[in-house]
Each structure stands twice: as structure tokens, then as C-alpha cells.
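Next come the chains, spelled out residue by residue.
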Amino acid sequence: MARRANPIPHSSAGEVLRLVRDGDAETRADVARLTGLSRSAVAARIDELVDAGLLAERADGVSTGGRPPIRLELNPQGGLVLAASLGSSRGQLAVCDLTGRVLASRETRMAAQGGPDAVLTGLPDWIDTMLAEEGFDPARVRGVGVAVPGPVELDTGRAAGAPTLPGWDGVAIAPTLQRRLPVPVYVDNDVNVMALGEYRARADAGDLVFVKASTGIGAGIVADGKVYRGALGAAGEIGHIPVAGGTGVRCWCGNVDCLEVLASGRHLIETLAAHGARFPDGREVSSVRDVVALAAAGQPEAVRLVRESGRMLGEVLASVVNVLNPAVVVLGGDLADAGDPLLAGVREVVYRRSTAVATRELRIVPSVLGEAAGLTGCAFMALDQILSPDSVDTTLARLAGGRALPSVNRALPA
Ligand SMILES: [Zn+2]
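In this text, all values refer to a predicted model and were calculated from it rather than measured experimentally.

## Points about the coordination of the zinc ion
For the zinc ion, the protein coordination sphere consists of His-240 (ND1), Cys-251 (SG), Cys-253 (SG) and Cys-258 (SG), at 2.0 to 2.3 Å. Taken together, the four donor atoms coordinating the zinc ion and their angles of 103 to 122° define a geometry best described as tetrahedral. Sequence positions of the residues that donate to the zinc ion give the spacing H-x10-C-x1-C-x4-C. Residue His-240 is found in the loop between β12 (226–228) and α7 (259–263), and its partner Cys-258 is found in the loop between β12 and α7; the two are separated by 18 residues along the sequence. According to the relative accessible area criterion, His-240 is buried, its value standing at 15%.

Dropping the structure here:
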């Protein structure tokens, strides 16, 4: 994290928490130096945050001789956030602490293709059931992050319509859930959410492009620590960039020879099925996971097709790398589980076709979170909002006004 060079005048308690959460401040002395606040003003803000259950002080800092300094940290037990990552055909739900750590998770058949009514009425029930079964107090939940496999208007939390989400166009996802859940609900596109999760999971991140290669293909961009969405939220639609070598196949978007048409998991399933590719037990290929399993088993056609997909993806990413100059390109999604054949195809083309400067320190790597990228990203989407300086200051003002938030756990762990 970049060190803040100048003191922040009149830093609030919320800003002090941000310094700690970002890793910029570890001690009271750090806070004083970074904010220019007096010792007593720092103490007052830290007391407020500790009383609210948001900050913890631990006597295990690194000593430079003498008593070890008290280290400040975000209190993981200061509340819970819920993460709901809804795919087209399956979904995941998790309970996370304030550092984004997954405390409990489960998979479900609840998914976007079930239609908005089933999901929007079912999700709150599903949340209630999970909290009860896992023994979590619902009053400790501070926010919910939801990912859906299609574009979302960030300001309104409405689905923005895509063939991948039939029946969802214009559905007010966040406002509808908000009526059933007594805490803030945040909704975004799954690829953006996964990019955020992957960024937070990597200590070394820097600007990052996350590619979800699955049934379809899309990308999420994190620049300066934030998801880059573009003017209308349509940034990262790499699946609809045409690639060379196609035969004029029309895509649902209206263009021909889109990357998604020629290199996605859907294309691989259809091609392998058309070639009569089967598992040794005679089973046909019906999912992206099947494609990956067949390639892992060394089936020549599957390996060839996955590698060819990697090259086409590399062709598009070569341009993306030239435009954005990311520090890291992360390959995620079910198809990325194919590992080397896909990764090798991507690297081969990107390192050959992108500029020397853009690739000098570029890393092209598999996702570290794998299946958990969506859940982790959902948790951070909610945490970044509820732990923002403004939200924290509002919470503290409410506490000072005597209306304690039920979600705050004041009992700090030893
Ligand atoms: Zn297209």
C-alpha cells in the first residue's frame, strides 16, 4: 500500500480505521504521524472504535527493545457480512468476518437461471436457515454482498439485462432484498466481484485484470485498488471482441466471431460433443467441468481445443495488456481449472504480441482463490462499503447518540 505522505487534517475515527485496515498504520504512533492528530485526539478516536467493536489492540507488536508496542488491528469479531455468489446454474453462500475470512459456506442449487422471483424470495430464507444452522446471531450481520452472472447498474442495484440472465432485465435486486434484510445489500456483476476478491487475496496485487473463463468469457479490472466499471458499467466485456480465424459465426450480441463464440466453455462442450468425445465409461461431455476433466485425462481433442481457446483468449488479452498495462492477469472460472494447456496458450500469445514494456513485469497466473473468488469478492464488496470512513463515522455518531447498533459485538476476544 502506498504510504500517505501528508497528514490528513481533522481525521475522523472512520479515517483512522481506514489507515489500520489498509495496513498503513499499525500503532498509535503511526496514526499520529499519518494524521497529524495529537496523542489525546488519537486516543479518543481509538477508544471510540474499540468501544464500537471495530478495532482491537494487541500487545504483540514487534519490539525494538523494551516493551512491545500495542498493535492496532481491525477486530475480525466486530460483526459479520454475508456473501451470496449466484452463478447461472449453482450458487454459494458464506458467512464472513470483518476481515473477509470465510467462517462457513455452502453450495446450493439456488441460481440465476431459476428466475428473479425464486431467488429474491428464496435468498433471505436461505440466509436465515444458514445462520441458524451454523449458530450465528443474525443481529451481528452488518451487510450482504451479492454477485449475479450479468451486468448490474451499480447505483440502483438493478439487473441491466443480458441473455445470460433471462427474465432479470430491470429487476431491482438490491432494493427487493433490502426490504427483507435489515442491513445494507450490495449487488454487482460476478466477474467484477471475483476480480475484487482476487485483488484482496494477493498481497502483491497491483493493477489486475481478472478473466472468468467458464461457460462464457468476461473480465474484471481492478485499478488503483478499485473495480473499474467504465461509463455505463460495461467495462471488461472481452468475450465480445472478435478474434481471427473464425468462420463468421454469429454471436448473441450481434457481432460475428466473438471470443465467447469461438473459445468459451460452451463452445468447447458443443465441439467435443459434435466430435463424439466421451469419458471411458461412455458418458458424454455436458459441462465445463467435464471438458476440464477430459483435458486433464489427456484426451487429445480436449487438450487441443483448450489450448486453442487459450491462444484466442491470449489474442484478446494482448490488446487488453497494451491498453491497461496491468501488473497481473489472473485466469479464473471453471475453464481455468484446465491449468497448463489454457495458461500456456494465453502466455504464448500475450508475451509475443503485447509491447515489451507492458509485458516486462507482467505475470499471467491462475486464480489463488479458485471457487472462493466470488464469495471473497462479495464479502469485500460489502466490507468496503460498511467500513468506509463515512459509514463508520455514521455508525459511531449513532452509538454516541445512545442508539446502540444491535449488530455490534462489544465483547472482544482475549
Ligand atoms: Zn458477442
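## With respect to the environment of Gly-314
With respect to the helices and strands, Gly-314 occurs in helix α10 (residues 300–324). Distance in space between the C-alpha atoms of Gly-314 and Ser-354 is 9.7 Å, their sequence separation being 40 residues. Apart from residues lying up to four places away in sequence, Gly-314 is in contact with Val-346, Val-349 and Val-350.

## Some points on the packing of aromatic side chains
The relation between two aromatic rings is expressed through the spacing of the ring centres and the mutual angle of the planes. Taken as a whole and judged by the stated rule, the model has zero aromatic pairs. Stacked on the ring of Phe-279, the Lys or Arg Arg-283 has its end atom at 4.2 Å from the ring centre.

## Quick notes on the pairing of strand β3 (residues 80–86)
Counting buried residues in β3 gives seven out of seven residues, a clear majority hidden from the surface. What you see with β3 is no split at all: Leu-80, Leu-82, Ala-84 and Leu-86 on one side and Val-81, Ala-83 and Ser-85 on the other are buried throughout. Relative to strand β6 (residues 141–148), β3 is paired through six bridges, and the arrangement is parallel. What sits directly across from Ala-84, in β6, is Val-146. Note: β3 against strand β4 (residues 91–96), six bridges, orientation antiparallel. Counterpart to Leu-86 in the pairing with β4 is Gly-91. In textbook terms, the turn of a hairpin is the stretch between consecutive antiparallel strands, and for β3 and β4 this stretch comprises four residues.

## Section: the pattern of salt bridges
In this structure the tally under the stated criterion is 24 salt bridges. Between Arg-106 and Glu-134 there is a salt bridge; the shortest N-O distance is 3.0 Å. Placement of Arg-106 in strand β5 (residues 102–108) and of Glu-134 in helix α4 (residues 116–134) is noted, with a sequence separation of 28 residues between them. On the basis of relative accessible area, Arg-106 is assigned to the partly exposed category, the value being 24%. For Glu-371, the salt bridge goes to Arg-289, with nearest N and O atoms at 3.2 Å. Of this pair, Glu-371 sits in the loop between β14 (363–366) and α13 (373–386) while Arg-289 sits in helix α9 (residues 288–296); the two residues are 82 residues apart in sequence, bridging distant segments of the chain. Assessed through its relative accessible area of 36%, Glu-371 is described here as partly exposed. Owing to a relative accessible area of 42%, Arg-289 belongs among the partly exposed residues under this scheme. Salt bridges sharing partners connect three or more residues here, namely Arg-90, Glu-107, Arg-289, Asp-334 and Glu-371.

## Concerning the sheet that holds strand β9 (residues 185–189)
Spatial strand order, β5-β4-β3-β6-β9: five strands in an open sheet with mixed pairing. Each of the sheet's edge strands pairs with one partner strand only, and the pair in question is β5 and β9. Taken pair by pair, the neighbouring strands of this sheet meet at an average axis angle of 15°, ignoring direction. Running at roughly 135° to β5, α4 makes contact with β3, β4, β5 and β6 of the sheet. On the sheet, helix α6 (residues 190–201) packs against β6 and β9 and is oriented at approximately 100° with respect to β9.

## Comments concerning the packing of helix α2 (residues 28–35) against helix α3 (residues 39–51)
Where α2 meets α3, the closest approach of the two axes is 10 Å, and the angle between their N-to-C directions is 120°. Here α2 lies oblique to α3, going by the angle between them. Crossing angle aside, the handedness with which α2 passes α3 is right-handed. Contacts between α2 and α3 involve Arg-28, Val-31 and Ala-32 from the former and Val-42, Ala-43, Ile-46 and Asp-47 from the latter. Residues of the contact of α2 with α3, tallied by class, amount to five nonpolar, no polar and two charged.

## Some remarks on unusual backbone geometry
You will see that Asp-257, though not glycine, has its phi angle at about 55°, which is positive. Look at Asn-325: it is not a glycine, yet its phi comes out positive at around 50°. Tracing the chain through its elements places Asn-325 in the loop between α10 and β13 (328–332). Overall, the relative accessible area of 42% leaves Asn-325 in the partly exposed class.

## Structural notes on α9
Along α9, the residues that are buried comprise Val-288, Asp-290, Val-291, Val-292, Leu-294 and Ala-295. In this structure, the buried side of α9 is in contact with α8 (265–274) and α10. The first or second residue beyond α9 is Gly-298, which carries a positive phi of 85°.

Quick notes on the rules
- Note on numbering: residues in each chain are counted from 1, in written sequence order.
- The model is predicted, so local features are restricted to residues of pLDDT at least 70 and side-chain atom pairs to those at 80 or more, both for listing and for counting; the totals for chains, interfaces and linings are taken over all residues.
- To get the side-chain values, take all heavy atoms of the structure and skip hydrogens and water.
- Sites may look incomplete because water is not among the atoms; the donors themselves are N, O and S atoms within 2.8 Å of the metal, or within 3.2 Å for Na, K and Ca.
- In this scheme the shape depends on donor count and angles: four donors with every angle between 85 and 135 degrees give tetrahedral, four or six donors with opposite pairs above 155 degrees and others between 65 and 115 give square planar or octahedral in turn, and any other case is irregular.
- By definition, any uninterrupted DSSP run of H or I lasting at least four residues is a helix, any uninterrupted run of E lasting at least two residues is a strand, and each is numbered from the N terminus.
- Exposure categories follow from relative accessible area, calculated using a 1.4 Å probe and restricted to protein chains: below 20% of the type maximum is buried, above 50% is exposed, and the middle band is partly exposed.
- Contacts: residue pairs with any heavy atoms within 4.5 Å of one another.
- Put simply, two rings from Phe, Tyr or Trp (the six-membered ring, in Trp's case) pair if the centres are within 6.5 Å, and we call them stacked under 30 degrees between planes, edge-to-face over 60, tilted for the rest.
- We count a charge as sitting over a ring when the NZ of a lysine or the CZ of an arginine lies within 6 Å of the ring centre and within 35 degrees of the ring normal.
- Note on pairing: two strands pair once DSSP finds at least 2 bridges between them.
- A carboxyl oxygen of Asp or Glu within 4 Å of a side-chain nitrogen of Lys or Arg is what we treat as a salt bridge.
- Between N-to-C directions, angles cover 0 to 180 degrees, with each direction set by a line fitted to C-alpha atoms, over the stretch in contact for helices.
- Orientation categories follow fixed angle ranges, with anything under 35 degrees roughly parallel, anything over 145 roughly antiparallel, 65 to 115 roughly perpendicular, and all other angles oblique.
- Less than a right angle of anticlockwise turn of the near helix away from the far helix marks a crossing as left-handed, whereas a clockwise turn marks it as right-handed.
- For this scheme, ten residues count as nonpolar: Ala, Val, Leu, Ile, Met, Phe, Trp, Tyr, Cys and Pro. Four count as charged, namely Asp, Glu, Lys and Arg, and the remainder, Gly too, count as polar.

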